[in-house]
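What follows is the residue order along each chain.
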Amino acid sequence: MAFDLVIRGPDVATPGHRETTDIGIDGGRIAQIGGTMTGAEEIAASGLLAIPAGIDAHTHLVHQGLASLFESKVWVDDFWSGSRAAIAGGITTIGNMTFPAPQPDGTEESPRAAISREMAGAAAEAAVDWFLHPVLYEPAALPDGAIADLAGAGHASIKIFLSDPGLSADEPALLSAASAAKDAGAVMLLHCEDGALLEAAGHELVAAGRGAIANFADARPVAAEAAAVETAIGIARRTGAAVYIVHLSSAAALDRCRRARAAGLPVYVETRPLYLHLTKERFAEPDAAKYTGAPPLREASDREALWAGLAAGDVDTVCSDHAPWTLADKLDPALDVVTARQGVADLETLMPMLYSEGVAAGRISLDRFVELTSANAARIFGLYPRKGVIAAGADADIALWDPGHQRTVDGARMQSLAGYSVYDGWTVRGWPRLVLRRGQVVLADGEITARPGDGRWLRRAGTPPA
Ligand SMILES: [Zn+2]
């Protein structure tokens, strides 16, 4: 057969299958694996791994029109710089959190209006394919049918912050949002820290004169995460809705999820790189604020429990929660444990760090790496098998991975406008050599060859995971 492109001889690693073979690509899709084929173009890839390009279901990119709507500072990457960071790290699909923006009259946008605004902003800027998670600040105030309406329009997920003290206490609103999500086949993403416990802990520290960032971990204790995870599990139990716990950080929270999953409840678990690579000792450093994210960095025993959870399949996804600030904004001396700017840039480092510290270090298999970085997110968010797999018919989203390539992380030279990385100076082994998005080369030997606006929105029509 004659195709647009043939990748010759990579070691293909896709869920449940490993084979050294050729990949034929036609019209942006994978047309054939193995067998006789010729390509109008060919890429020699022997010695490289071919893995599904990453799907990062949790990012915070801010299109250029949005930043001006907020009085306070917001994250620094738009969909173009964020796309470059993703591609440089082997990722070609992202799920972005769509927040309602304040309106001139002081009210907040409806989720549908926020989505429309963000669709237009992302379409102009994104070079990766994208989907959106509508953030619901006030589920109690939603008109009837709002969640079904979002799912019907292709946005089959909602994000709710249990860290909001008002929300964590408003059980009826949470349960009715969950029931609506279940009926619409939408996944409910939950930030699991109990808002009331956080409020008490944070204000107690500030009142006692211990508000410095060095005490950030004490302001957001494991107990707050465990309590909110219990709430999330209770929501899944009572409504049958699929709940997806974002950035799970502690052994105690993971234990609760493991038991709920063993009981057959639809509870999905995401963690993020911060908790796999760093521990709370970092908060004793002079630039402690560099590491703030919520939940905070935890103990070494939590980190080891998360790695064990990755290996055992208790954790479904590793997503970046890419929420980049400049170092100056992070280190602003006016900030305390309550007002700290949360989040770090991690799109470019997510996959290389997980490969280096996970696969190369012998903590997880290559198969698990692929599940955690693409296949599971595709399944949970209704994109499988179009995304997250190397198989005939799938989009040709492929990272040709050089497992031996070693590089020292230097955030100042990376794509995020944050300008630094919390892993600066780390030696990382395993980086993408070449990345294809729908058959088009978007990264070749360190050069981004994508253009803004090349990315496509992915409709997710409410397909609950089995
Ligand atoms: Zn987030």
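Being a predicted model, the structure only gives us computed values, none of them experimental.

### Overview of the sheet that holds strand E3 (residues 17-20)
Point 1. Pairing is mixed in the open sheet, where seven strands are placed in the order E3-E2-E7-E16-E17-E18-E19. Sheet topology places E3 and strand E19 (447-448) at the edges, where each strand pairs with a single neighbour.
Point 2. Taken together, the four bridges between strand E2 (residues 11-14) and E3 define a ladder with antiparallel strand orientation. Looking at the pairing, Thr14 lines up with His17 of E3.
Point 3. Along the sheet, helix H14 (residues 350-360) contacts strand E7 (49-52), strand E16 (398-408) and strand E17 (427-437); its crossing angle with E17, the most-contacted strand, is approximately 125°.

### Regarding the coordination of the zinc ion
Point 1. Coordination of the zinc ion by the protein comes from His58 (NE2), His60 (NE2) and Asp321 (OD), over a distance range of 2.1 to 2.2 Å.
Point 2. Ordering the donors of the zinc ion by residue number gives the pattern H-x1-H-x260-D. Residue His58 shares its accessibility class with His60, and that shared class is buried.

### A look at the pairing of strand E13 (residues 243-246)
Point 1. Side-chain alternation along E13 places Val243 and Ile245 on one buried face and Tyr244 and Val246 on a second face that is also buried.
Point 2. Sheet analysis places strand E12 (residues 187-191) next to E13, joined by four bridges and oriented parallel. Bridged to Leu190 within E13 is Ile245.
Point 3. Judged from the three bridges that link them, E13 and strand E14 (residues 267-271) form a sheet pairing that is parallel. Each residue of the ladder has a partner; that of Ile245, found in E14, is Val269.
Point 4. Handedness of the crossover is the feature at issue here: the chain leaves E13, passes through helix H10 (residues 251-262), returns alongside E14, and the resulting connection is right-handed.

### Structural notes on the domain arrangement of the chain
Point 1. Examined at the domain level, the chain breaks down into domain 1 (2-50 + 392-448) and domain 2 (53-380).
Point 2. The interface is formed by 37 residues belonging to domain 1 together with 47 residues belonging to domain 2.
Point 3. Around 3,300 Å² of area is buried between domain 1 and domain 2 when both sides are counted, 65% of it from carbon and sulfur atoms.
Point 4. Across the contact surface, domain 1 and domain 2 share one salt bridge.
Point 5. Between Arg438 and Asp129 there is a salt bridge, with its nearest N and O atoms 2.6 Å apart.
Point 6. Between domain 1 and domain 2 we count 10 residue pairs in polar contact (both at pLDDT 80 or more) in total.

### A closer look at the packing of H10 against helix H12 (residues 300-312)
For any two helices packed against each other, one specifies the inter-axial angle together with the distance between the axes.
Point 1. At their nearest, the axes of H10 and H12 sit 9 Å apart, and the two run at 30° to each other. The angle between the axes of H10 and H12 places the two elements in the roughly parallel class. The segment H10 lies against H12, with Ala251, Ala252 and Leu254 engaging Asp302, Ala305, Leu306 and Gly309.
Point 2. Considered class by class, the residues forming the contact of H10 with H12 number five nonpolar, one polar and one charged.

### Section: the packing of H14 against helix H15 (residues 366-380)
Point 1. At a minimum axis separation of 10 Å, H14 and H15 run at an interaxial angle of 150°. Looking at the two axes, H14 sits roughly antiparallel to H15. Relative to H15, H14 is oriented so that their crossing is right-handed. Along its contact with H14, which presents Met351, Leu354, Tyr355 and Val359, the element H15 presents Leu366, Phe369, Leu372 and Thr373.
Point 2. Class assignment for the residues of the contact of H14 with H15 results in seven nonpolar, one polar and no charged.

### A short note on the pattern of salt bridges
Point 1. Using the criterion set out here, one finds 32 salt bridges in the structure.
Point 2. The residue Asp316 makes a salt bridge to Arg261 at a minimum N-O spacing of 2.7 Å. With Asp316 in the loop between H12 and strand E15 (317-318) and Arg261 in helix H10, this residue pair connects regions lying 55 residues apart in the sequence.
Point 3. For Arg261, a relative accessible area of 22% gives the class partly exposed.
Point 4. When the shortest N-O distance is used, the salt bridge between Arg282 and Glu285 registers 3.4 Å.
Point 5. Residue class for Arg282 comes out partly exposed when judged on its relative accessible area of 24%.

### A closer look at the sheet that holds strand E11 (residues 157-161)
Point 1. Pairing is parallel across the open sheet formed by five strands, whose spatial order is E11-E12-E13-E14-E15. For this open sheet the edge positions go to E11 and E15, each flanked by a neighbour on one side alone.
Point 2. Where E14 lies against E15, two bridges are found, and the strand directions are parallel. Opposite Thr271, over in E15, you have Val318 as the bridge partner.

### Quick notes on helix H7 (residues 195-207)
Point 1. Taking 1.5 Å of rise per residue, the 13 residues of H7 would be expected to cover 18 Å, and the 18 Å separating its terminal C-alpha atoms lies within 8% of that figure.
Point 2. Within H7 the residues assigned to the buried category are Gly195, Leu198, Ala201, Gly202 and Leu205. In an axial view of H7, the angular spread of the buried residues amounts to 135°, which keeps them on one side of the axis. Counted as exposed and oriented over 90 degrees from the buried face of H7: Glu204 and Ala207.
Point 3. Looking at the buried residues of H7, the elements they touch are helix H5 (165-169), helix H8 (216-219) and helix H9 (222-239).
Point 4. The backbone nitrogen of Ala196 lies 3.3 Å from a side-chain oxygen of the residue at the head of H7, namely Asp194.

### Concerning the environment of Pro134
Point 1. Mapped onto the secondary structure, Pro134 falls in strand E10 (residues 129-134).
Point 2. Remark: the alpha-carbon pair of Pro134 and Ile115, spanning 19 residues in sequence, is separated by 6.8 Å.

### Section: the environment of Ala294
Point 1. Considering the arrangement of structural elements, one finds Ala294 in the loop between helix H11 (273-277) and H12.
Point 2. The class of Ala294 is buried, set by a relative accessible area of 5%.
Point 3. When the C-alpha positions of Ala294 and Cys192 are compared, they lie 9.5 Å apart, and in sequence the two are 102 residues distant.
Point 4. Setting aside residues up to four positions removed in sequence, Ala294 forms contacts with His191, Glu193, Arg220, His247, Arg272, Tyr275 and Gln342.

So, how was this worked out
Residues numbered from 1 in each chain as written. Predicted model: local features only at pLDDT ≥ 70, side-chain atom pairs only at ≥ 80, totals over all residues. Heavy atoms only, no water. Pairing = 2+ DSSP bridges. Helix = DSSP H or I, 4+ residues; strand = E, 2+ residues; numbered from the N terminus. Contact = heavy atoms within 4.5 Å. Axes fitted to C-alpha atoms, helices over the stretch in contact; angles between N-to-C directions. Donors = N, O, S within 2.8 Å, 3.2 Å for Na, K, Ca; no water. Buried < 20%, exposed > 50% of the residue type's maximum accessible area, 1.4 Å probe, protein only. Right-handed = clockwise from strand over helix to strand, strands pointing away. Domains from an automatic or database assignment. Buried area = accessible area lost by both parts, 1.4 Å probe. Salt bridge = Lys/Arg side-chain N within 4 Å of Asp/Glu carboxyl O. Polar contact = N/O pair within 3.5 Å; in protein donor to acceptor, adjacent residues only side chain to side chain. Parallel < 35°, antiparallel > 145°, perpendicular 65-115°, else oblique. Nonpolar A, V, L, I, M, F, W, Y, C, P; charged D, E, K, R; others polar. Left-handed = near helix turned anticlockwise from the far one by under 90°. Expected span 1.5 Å × (residues − 1). Arc of directions from axis to C-beta.

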